[in-house]
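One letter stands for each residue in the lines below.
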Amino acid sequence: MFIRSVKVPSSSGVVHEYVRVVESIRENGRVKQKVVLNLGRRDTLLTLLPLLQRFLLGDAPPPLEHDGPLKVLDASTWGPILVVRHFFHQLGLWPLLDSCRRWPRLLPDEDPDDDWPSRVLALVANRLVRPLSEHALAGWLETDFVCDRAGRRYLPKWKRHGRVEVDLTVLQRWYRTLDHLIINQANIEVALYGRLRDLFHFQPDLVFYDLTSTYFHGHGPEGFAKHGYSRDGRPRDVQVVVGVVMVAGWPIAHHVWAGNTRDSKTVAEVVQDLSKRFQFRQTVFVGDRGMVTEKNLHVLQEAEGDWGFLLGMTRRQNPQAEKLIDRIDEACWLDCPGGINVQEAKVKPRTRVQEVACDRVGVRVFIVDSDERRDYEQRQREKAMARVRVGLEKLQKRVSEGRLIDPAKIGAAAQRVLTRNHGHRYYTWQLTQEGKFQFDEHPVNLPREKKYEGKYLIQTDQTDMTPQDGVAHYKELNEVERGFRSLKDPIGMRPIWHTNERRVRAHIFVAALAFLIERMLERALKDARVPLSAQAALTALQTIRHVRFQADGEERTGVTPGSDRARQVLKALKITERRPPTPPEGPQTTM
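Residues numbered from 1 in each chain as written. Predicted model: local features only at pLDDT ≥ 70, side-chain atom pairs only at ≥ 80, totals over all residues. Heavy atoms only, no water.

Colleague: Where do I start with the overall build of the protein chain in this structure?
Modeller: When helices and strands are tallied, the protein chain shows 19 helices and 21 strands. In the protein chain, buried positions account for 46% of the 591 residues. Taking the contacts inside the protein chain whose residues are at least 6 apart along the sequence as the reference set, 64% of them involve residues at least 24 apart. In the form shown here, the protein chain has an accessible surface area of approximately 31600 Å², with 50% of it arising from carbon and sulfur atoms. In the protein chain, 91 positive and 76 negative side-chain charges are present, and the distance between their average locations comes to 2 Å. (Helix = DSSP H or I, 4+ residues; strand = E, 2+ residues; numbered from the N terminus. Buried < 20%, exposed > 50% of the residue type's maximum accessible area, 1.4 Å probe, protein only. Contact = heavy atoms within 4.5 Å. Areas by Shrake-Rupley, 256 points an atom, 1.4 Å probe, with all protein chains shown as cover. Lys, Arg positive; Asp, Glu negative; His and termini not counted. Charge placed at Lys NZ, Arg CZ, Asp CG, Glu CD.)

Rendered as structure tokens:
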């Protein structure tokens, strides 16, 4: 037997040397080498060799001996980056990004061979760990060990230029990474979708689509950042609208529109994209009530292939809604199974559904009655009614005291009170001939509101879908909404500082990639039955540190084991190699 080594390139392009024990054998008259034992990577063996030698000789491993005190030079957070690199490998992002085209218009001093895929990993990791702007990224690079695929650490280069504290040449590299990334978005999303299907074996039977908005600090790109319906409660800030498409719980695509785009205007573009780019042919489109227009239903019916729909219906400003609710037969309710929260509750809230006759050909309507939703909507109505009543009583007092006499001004004041808190739904008022201001509960609107409480409507063209299945599928839209909360808060898609539309789109794409990796981490933890959320796991992983220290006059590196929870996460992900790649000879850092 004798020793041989073989050099093997990884999916990220780094070449590792592996050591093997082989023996010569004769087969069919020819001498061949048979691998007896794989010993592992050469760089790892060099570190372990002294310990291994002592172990084989039966000696107890002595404590680390050194001439002087152990001097720690640096201890940077490494665990979260280690996990992001793991998922980069699993998703095949290294070769995928390497095959992508680059932004064609480089500045004269830019490196055309810059390792931009490694910078993408750094940006995605930053979204997951400590979401910052590309400008503020430099501070994070000082505290966390972030390296390129070859193991060279990224370090900031500080150089003040006006209000910018980072060297502009280095900052430009990170901005250019966004440019490289966004021009390849369409191909990257399709390739990742294919990879997800290979890994998790799902079919695109149901497509879930929903929208959110995210706001800007400052003016944002002209013509793109606009005022619109703000889901962030920031109506004074300009924004963009973001749509996310999910299949089987995985985000597969996203779209970005100007901030004043209406929900219903986005559906046709999304359906066309899914048909053309992803080749979806037999799929049920699941969306919220804001998607419903006759035009969009026609788009789904005319889409290439066999598209169906499962959509919410608006209750208000919909003359059909009240008519459909009036067709409820109290003897025809069907109970819907509850989720884990319902099962664990002491008083189990009930969700019921029944199908009612619909006047439109080929359309079925399910009416859902939810105890939880009724309790919530009733509380909200009572709060709103109390606020409106206080305002009307104050107005009544002003009129009775003679401080407000003009009927036109009284009417305008009443209108202002009723406009707030949806007062028109609950109250009506009149001014008597004697000039008295009177108000009362609305005889038509209020009973209608009470009738609507706890109920929502779903429509579909699927003939083989049961009402209970319709409710279960529609509730899966909550996964998209949960994804929005993750995108906005821990991943930090908002606020946006960019003033260039291309880089706004790239910023959101980075957040979408981070969201996908967070979902993969969540799935791996769930499969391994580790009771941690993705964010709790990333927090625990921060206890794993890359340490650079000096002993015996020699500089060395190591990785701490981390906390118990951090080790649980690594075990769930089957990560055994915790050290970063050994950088090649030459500079150990990059910018």
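Having seen the structure, we can now continue with the description.
Colleague: Which parts of the structure should I look at to understand the pattern of salt bridges?
Modeller: Think of it this way: side chains of opposite charge can pair up when their charged atoms draw near. Counted according to the given criterion, the structure contains 36 salt bridges. The closest approach of N and O atoms between D369 and R352, which form a salt bridge, is 2.9 Å. Of this pair, D369 sits in strand β15 (residues 364–370) while R352 sits in strand β14 (residues 351–356); the two residues are 17 residues apart in sequence, bridging distant segments of the chain. Summarising the burial analysis for this pair, D369 and R352 share the class buried. The structure contains a network of salt bridges with shared partners spanning E110, R176, D179, R502 and R503. (Salt bridge = Lys/Arg side-chain N within 4 Å of Asp/Glu carboxyl O.)

Colleague: I'm lost on helix α18 (residues 534–541) in this one. Help?
Modeller: One full turn of an α-helix is made of 3.6 residues, so residues set three or four places apart face in the same direction. Inspection of α18 places A534, A537, L538, A540 and L541 among the buried residues, and these make up the whole buried set. For α18, the angular spread of buried residues about the axis comes to 160°, placing them on one side. Structurally, α18 contributes buried residues whose contacts are with α2 (79–91), α4 (116–129), α17 (501–527) and α19 (564–572). (Arc of directions from axis to C-beta.)

Colleague: Can you walk me through the sheet that holds strand β18 (residues 455–460) in this structure?
Modeller: Where strands meet in a sheet, backbone hydrogen bonds hold them as pairs that are either parallel or antiparallel. Here nine strands make up an open sheet; going across it, the order is β10-β9-β8-β11-β12-β18-β15-β14-β13 and the pairing mixed. Whereas interior strands pair on both sides, the edge strands pair on one side only; in this sheet they are β10 (250–258) and β13 (334–335). Sheet topology places strand β12 (residues 306–313) next to β18; four bridges connect them, and they run antiparallel. Bridged to L311 within β18 is Q459. Most of the contacts of helix α8 (residues 267–276) go to β10, to which it runs at about 140°, and overall it touches β8 (206–215), β9 (239–247), β10, β11 (282–287) and β12. Docked against the sheet, helix α15 (residues 467–475) engages β8, β11, β12, β13, β14, β15 and β18, running at close to 100° with respect to β18. (Pairing = 2+ DSSP bridges. Axes fitted to C-alpha atoms, helices over the stretch in contact; angles between N-to-C directions.)

Colleague: Quick question: what am I supposed to make of helix α9 (residues 294–302) here?
Modeller: Buried within α9 we find N296, L297 and L300. Mapping the buried residues of α9 onto a view down its axis gives an arc of 100°, with all of them on the same face. For α9, the exposed residues set more than 90 degrees away from the buried face come down to E294, K295 and E302. Looking at the buried residues of α9, the elements they touch are α8, β11, β12 and β18.

Colleague: Just to check I follow, could you spell out the packing of α18 against α19 for this structure?
Modeller: Pairs of packed helices are described in terms of their axes, by the angle between the two and the distance that separates them. Running from N to C, α18 and α19 point in directions that differ by 115°, and their axes come no closer than 8 Å. Crossing hand, α18 versus α19: left-handed. Across the interface between the two elements, A536, A537, A540 and L541 from α18 touch R565, A566, V569 and L570 from α19. Each residue belonging to the contact of α18 with α19 can be placed in one class, and the counts come to seven nonpolar, no polar and one charged. (Left-handed = near helix turned anticlockwise from the far one by under 90°. Nonpolar A, V, L, I, M, F, W, Y, C, P; charged D, E, K, R; others polar.)

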